[in-house]
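# Structural characterization, general
In case you want the letters, here they are:
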Amino acid sequence: MSEKRRELSKAKKRVKEIDNLIQKIYEDNVIGKISDERFATMSMAFEEEQQRLKAAIPEMEIYLESETDKSDSLQRFIDKVSY
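Just so you know, these numbers come straight off a predicted model, no measurement behind them. (Residues numbered from 1 in each chain as written. Predicted model: local features only at pLDDT ≥ 70, side-chain atom pairs only at ≥ 80, totals over all residues. Heavy atoms only, no water.)

Okay, the packing of helix H1 (residues 2-30) against helix H2 (residues 36-82) next. Running from N to C, H1 and H2 cross one another at 160 degrees; their axes reach a closest spacing of 8 Å. When the axis of H1 is compared with that of H2, the two are roughly antiparallel. The two elements H1 and H2 cross, and the hand of that crossing is left-handed. Among the residues making up the contact of H1 with H2, the classes are represented as 16 nonpolar, 4 polar and 11 charged. (Axes fitted to C-alpha atoms, helices over the stretch in contact; angles between N-to-C directions. Helix = DSSP H or I, 4+ residues; strand = E, 2+ residues; numbered from the N terminus. Parallel < 35°, antiparallel > 145°, perpendicular 65-115°, else oblique. Left-handed = near helix turned anticlockwise from the far one by under 90°. Nonpolar A, V, L, I, M, F, W, Y, C, P; charged D, E, K, R; others polar.)

Okay, structure coming up:
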């Protein structure tokens with residue numbers, strides 16, 4: 001579960017990073033550092049990655065919640081049996 005938590009944290013962090021990257025390439029496009037074509041290509045790639053992550057995050061959260069519930073139930077069972 002700790003691996004899944006790290007993966008979820010990493011995905012959430014990357015979504016925020018992508019927002020910043022899109023803003024940066026937009027600014028670079030406006031001042032002429034990158035061409036309109038390059039901006040379109042890069043922003044499309046970032047948008048696709050961000051959409052995949054945004055779709056995966058709820059699935060990861062549901063999985064972690066389910067596993068946590070299972071773990072808690074198992075621990076309660078063990079506690080009851082131990083007494």
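So that's the structure; there's more coming.
What follows concerns the side chain of Ser-43. Position of Ser-43 among the secondary structure elements: in helix H2. For Ser-43, a relative accessible area of 13% corresponds to the buried category. Of note is the side chain of Ser-43, whose polar atom sits 3.2 Å from the backbone oxygen of Ala-40. (Buried < 20%, exposed > 50% of the residue type's maximum accessible area, 1.4 Å probe, protein only. Polar contact = N/O pair within 3.5 Å; in protein donor to acceptor, adjacent residues only side chain to side chain.)

With 47 residues, H2 extends 67 Å from end C-alpha to end C-alpha; this agrees with the ideal 69 Å at 1.5 Å per step. Every buried residue of H2 is accounted for by Phe-39, Ser-43, Phe-46, Gln-50, Leu-53, Ile-57, Met-60 and Leu-64. In the core, the buried residues of H2 are packed alongside H1. (Expected span 1.5 Å × (residues − 1). Contact = heavy atoms within 4.5 Å.)

Inspection of the secondary structure assignment puts Asn-29 in helix H1. Engagement of the side chain of Asn-29 in a polar contact is seen with the backbone oxygen of Ser-35, the distance being 3.3 Å. Those residues in contact with Asn-29, other than ones at most four positions away along the chain, are Ile-34, Ser-35, Asp-36 and Phe-39.

As a further point, take the environment of Asp-36. Here Asp-36 is to be found in helix H2. Within the local environment of Asp-36, its side chain forms a polar contact with the side chain of Asn-29, the two groups lying 2.9 Å apart.

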